[in-house]
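Read off the chains here:
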Amino acid sequence: YKLSVSPEMDIMEYCRKEWRGNTPVAKRMRKGYEAVAQKFACIRRIRGDNYCAFRATLFQALSQATQLPTWLQSEDLTMLPENLLNKYDWIKQWQLKQKPGKKMGEISDEIKEYLMLLRKKWKNISEIKDPIEKQEACDKLFKNEEEEYSLYEALKFLMLNTAIELYNDDKNGRRVPVFSWLLFARDTSSNPCQLMHNHLNHIGHTGGLEQVEMFLLAYALQYTIQVYRLYKYSTDEFITLYPNDPEEDWPVVTLITEDDRHYNIPVRMCQETML
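Residues numbered from 1 in each chain as written. Predicted model: local features only at pLDDT ≥ 70, side-chain atom pairs only at ≥ 80, totals over all residues. Heavy atoms only, no water.

Caption draft 1: Highlighting the packing of helix α5 (residues 80-87) against helix α8 (residues 145-171). Direction vectors running N to C along α5 and α8 enclose 45°, while the axes themselves pass 11 Å from each other. By the angle between their axes, α5 is oblique relative to α8. Between α5 and α8 the crossing geometry is left-handed. For the pair α5 and α8, contact is made by Leu80, Pro81 and Leu84 and by Phe157, Leu158, Asn161 and Ile164, respectively. Classifying every residue of the contact of α5 with α8 by side-chain character gives 6 nonpolar, 1 polar and no charged. (Axes fitted to C-alpha atoms, helices over the stretch in contact; angles between N-to-C directions. Helix = DSSP H or I, 4+ residues; strand = E, 2+ residues; numbered from the N terminus. Parallel < 35°, antiparallel > 145°, perpendicular 65-115°, else oblique. Left-handed = near helix turned anticlockwise from the far one by under 90°. Contact = heavy atoms within 4.5 Å. Nonpolar A, V, L, I, M, F, W, Y, C, P; charged D, E, K, R; others polar.)

This is how it looks when you write it as structure tokens:
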């Protein structure tokens, strides 16, 4: 039994424990944490197992959810695996973490269940009014390993669907965000099929999310992901937004990274900041 999201810890206390030395890197990290501490009082460590970007983003989104996002309300959501499979035969090569040998033809029902689970959990947590109760419900969900990984499978599938939409929009001459060109400009993901084979199928197994995939996650969730990138302290990229031109009405979640590989979450916004 491993904790997916550790209990709160004072952010500067955490920083002092982690970054003791006097190297330029340690000094930069301490400055970075000091800047975050202007806005947030505490940090919660996220378990690092190549799912940490999903875990940190989803935990933050659910912790502050007050309603079910429109795209999760859609009737078509549960039909998604079936509809995509009918159009794209290659999706049969989708890999499930829990069932690595199973092919997509047999698992579209399972993906459908994961999408329904995502909707159900999001709905239940967003309806909890009391902040302490809401936090407890999130903690409980992220202690249930089977449910947690099912939710990540749902997120990965939503990312694939978003990638397909963006790819088709671009092919049909519609405007797409800049990151979409970058996503498909990679040798390893020049189309959604390659993206699935070389990237999405590996997330959680052999690798985490690359930067350009953070944009894709943000688009799939219709959330702005704001990241304090501590090693970029005192540069323009210290606070990076995915996407960098977010929609006005997208909610914002905040993460912290020291290296663009592992993500933790800042919690307890300082009172002045809230005002």
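Caption draft 2: Representation of the packing of helix α3 (residues 52-63) against α8 within the structure. Two numbers describe how α3 lies on α8: the axes approach to 11 Å, and their chain directions differ by 95°. Here α8 runs roughly perpendicular to α3, going by the angle between their axes. In this structure, α3 uses Phe54, Arg55 and Leu58 to contact α8, whose residues at the interface are Glu148, Tyr149, Leu151, Tyr152, Leu155, Lys156 and Met159. Considering only residue class, the contact of α3 with α8 consists of 7 nonpolar, no polar and 3 charged.

Caption draft 3: Inspection of helix α9 (residues 178-185) at higher detail. Burial in α9 covers these residues: Phe179, Ser180, Leu183 and Phe184. Buried residues of α9, seen end-on, are gathered within an arc of 130° and therefore sit on one face of the element. When the buried face of α9 is taken as reference, the exposed residues oriented beyond 90 degrees from it are Val178, Leu182 and Ala185. Looking at the buried side of α9, the elements it contacts are α8, α10 (192-198) and α11 (211-221). (Buried < 20%, exposed > 50% of the residue type's maximum accessible area, 1.4 Å probe, protein only. Arc of directions from axis to C-beta.)

Caption draft 4: Quick look at the pairing of strand β5 (residues 252-257). Counted residue by residue, β5 has 5 buried out of 6 residues, so it is predominantly covered. As judged from the 6 bridges shared by strand β3 (residues 224-229) and β5, these two strands associate in the parallel manner. Looking at β5, one finds that Tyr228 is bridged to Ile256. Of the pairings in the sheet, the one linking β5 to strand β6 (residues 263-269) comprises 2 bridges and is antiparallel in character. When the sheet's bridge partners are listed, Thr257 is paired in β6 with Tyr263. (Pairing = 2+ DSSP bridges.)

Caption draft 5: How the structure looks around the UniProt feature "site: Linear diubiquitin binding" (unreviewed entry) in the protein. The sites that UniProt annotates as "site: Linear diubiquitin binding" (unreviewed entry) are Glu237. Tracing the backbone shows Glu237 in the loop between β3 and β4 (239-242). On the basis of relative accessibility, which here comes to 37%, the residue Glu237 falls in the partly exposed class. Excluding residues within four positions of it along the chain, Glu237 makes contact with Arg229 and Lys232. A distance of 3.5 Å separates polar atoms of two side chains, one belonging to Glu237 and the other to Arg229. (UniProt positions renumbered as here; feature names shortened; annotations may be inferred. Polar contact = N/O pair within 3.5 Å; in protein donor to acceptor, adjacent residues only side chain to side chain.)

Caption draft 6: Geometry of α11. By the criterion of burial, α11 is predominantly enclosed, with 10 of the 11 residues buried. For α11, the set of buried residues is Val212, Glu213, Met214, Phe215, Leu216, Leu217, Ala218, Tyr219, Ala220 and Leu221. With its phi angle positive at about 55°, Gln222 sits one or two positions after the end of α11.

Caption draft 7: Representation of the pattern of salt bridges within the structure. Scanning all chains against the criterion turns up 17 salt bridges. Here Arg55 ties to Glu148 by a salt bridge, and the two come within 2.5 Å at their closest N and O atoms. Taken as a pair, Arg55 in helix α3 and Glu148 in helix α8 lie far apart in primary sequence, 93 residues in all. The two residues Arg55 and Glu148 agree in class, both being buried. A salt bridge links Arg186 to Glu213, with the shortest nitrogen-to-oxygen separation between them at 3.0 Å. You can see Arg186 sitting in the loop between α9 and α10 and its partner Glu213 sitting in helix α11, a full 27 residues away along the chain. Its relative accessible area of 15% is what places Arg186 among the buried residues. The network of salt bridges with common partners includes Arg47, Asp49, Arg55, Glu145 and Glu148. (Salt bridge = Lys/Arg side-chain N within 4 Å of Asp/Glu carboxyl O.)

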